[in-house]
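# Breakdown of the fold
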Amino acid sequence: MLEIERKFLVKNEDFKKEAYQSFHIKQGYLNSHPERTTRIRIKKNKAFMTVKGKSSEGGLSRFEWEKEIDLKDAEALLQLCEPGKIEKTRFLVKSGNHIFEVDEFYGENEGLIVAEVEMNSESDQVLLPDWLANEVTGEQKYYNSALTQKPFKTW
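Residues numbered from 1 in each chain as written. Predicted model: local features only at pLDDT ≥ 70, side-chain atom pairs only at ≥ 80, totals over all residues. Heavy atoms only, no water.

With respect to the secondary-structure elements, E5 resides in strand β1 (residues 2-10). Of the buried charged residues, E5 lacks a salt bridge, with K7 as the closest side chain of opposite charge at 4.8 Å. Look past the residues within four positions of E5 in its chain and what remains in contact with it is G59, L60, E116, V117, E118 and T137. (Helix = DSSP H or I, 4+ residues; strand = E, 2+ residues; numbered from the N terminus. Buried < 20%, exposed > 50% of the residue type's maximum accessible area, 1.4 Å probe, protein only. Lys, Arg positive; Asp, Glu negative; His and termini not counted. Salt bridge = Lys/Arg side-chain N within 4 Å of Asp/Glu carboxyl O. Contact = heavy atoms within 4.5 Å.)

Here we take up the pattern of salt bridges. A complete count under the given rule lists twelve salt bridges for this structure. Across the pair E3 and R62 runs a salt bridge whose closest N-O atoms are separated by 3.4 Å. Highlighted residues: E3 in strand β1 and R62 in strand β5 (residues 61-69), separated in sequence by 59 residues. When its relative accessible area of 11% is taken as the criterion, R62 is described as buried. One salt bridge connects R39 with E66, and the closest N-O pair in it is separated by 3.3 Å. Of this pair, R39 sits in strand β3 (residues 36-43) while E66 sits in strand β5, placing them 27 residues apart in sequence. A residue is classified by how much of its surface remains accessible, and E66, at 41% relative accessible area, is partly exposed.

If you look at the biggest cluster of nonpolar residues, it comprises 16 residues, and the most contacted ones within it are V10, F15, F100, V102, A115, W131 and L132. Counting only elements with at least two residues in this core, the list comes to β1, β6 (86-95), β7 (98-105) and β8 (113-118). Excluding its chain neighbours within four sequence positions, the residues that come into contact with A115 are R6, K7, F8, V10, F100, E101, V102, W131 and L132. Counting eight residues, the second largest nonpolar core, distinct from the first, contains I86, L112, V136 and L147. (Core = buried A, V, L, I, M, F, W, Y, C linked by side-chain atoms within 4.5 Å.)

Here we take up the pairing of β1. In terms of burial, β1 is largely enclosed, as eight of its nine residues are buried. The sheet contact formed by β1 and β5 spans three bridges and is antiparallel. In the sheet register, E3 faces β5, and the bridge partner there is R62. Pairing of β1 with β8, which is carried by five bridges, proceeds in the antiparallel orientation. Along β8, the bridge assignment pairs F8 with A115. Strand direction decides the pairing type here: β1 and strand β9 (residues 132-135), joined by two bridges, are antiparallel. (Pairing = 2+ DSSP bridges.)

Below, the discussion takes up the environment of F100. With respect to the helices, strands and loops of the structure, F100 is situated in strand β7. On a C-alpha basis, the gap between F100 and R6 in space is 9.7 Å, while along the polypeptide they are 94 residues apart.

What follows concerns unusual backbone geometry. One non-glycine residue, K44, lies in positive phi territory at about 55 degrees. Within the element layout of this structure, K44 appears in the loop between β3 and β4 (46-53).

So, on to the packing of aromatic side chains. Applying the stated criterion to the full structure yields six aromatic pairs. Relative to F100, the ring of F8 lies with its centre 6.4 Å away and its plane at 55 degrees, an arrangement referred to as tilted. Here the residue F8 occupies a position in strand β1, and F100 occupies one in strand β7, the gap between them amounting to 92 residues. By relative accessible area, which is 0% here, F100 ends up buried. Residues F15 and W131 carry aromatic rings whose centres are separated by 5.8 Å and whose planes lie at 55 degrees to one another, so their mutual orientation is tilted. Of the two residues, F15 is situated in helix α1 (residues 15-18) and W131 in the loop between β8 and β9; the sequence distance between them amounts to 116 residues. Taking relative accessible area as the criterion, F15 reaches 0% and is therefore assigned buried. Here the aromatic cluster, defined as three or more aromatic residues joined through ring pairs, consists of F8, F15, F91, F100 and W131. One Lys or Arg, R62, reaches over the ring of Y143 and ends 4.7 Å from the middle of that ring. In this structure, K141 packs its charged tip against the face of W155, placed 4.6 Å from the ring centre. (Phe/Tyr/Trp six-rings, centres within 6.5 Å; stacked < 30°, edge-to-face > 60°. Lys NZ or Arg CZ within 6 Å of the ring centre and 35° of its normal.)

Given below as structure tokens:
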């Protein structure tokens, strides 16, 4: 129940040519407190509730618990979420032994493209694709929960 990941900005759309899968995601937050968030997410025809804890110093790891929930329940819970929803397309791109999840945001966060890679340990070596830009691991303004409160277009 520990998520270990690095996060990067993306400098161009070359990742789309390398993606082996993509899908739409809609999500909202029942609680967006930085020390504990509760997210409702719908992706494809499935829905999930996720609880995340406070990030470690440096932002590489944090507690994460996720459970699949009924799609109709998720749609109802999204109506109870805090203001500001996230809509994005997620692209999956394999790089070496890892999979990058590249999120292209819409709405108030349009123009933002962020790539995340989950790792087995904080010392895990990751092959970084050429289309990555600056690393933003641990920068809270790039957390989806923060983007609901202060969208990219307002920066």
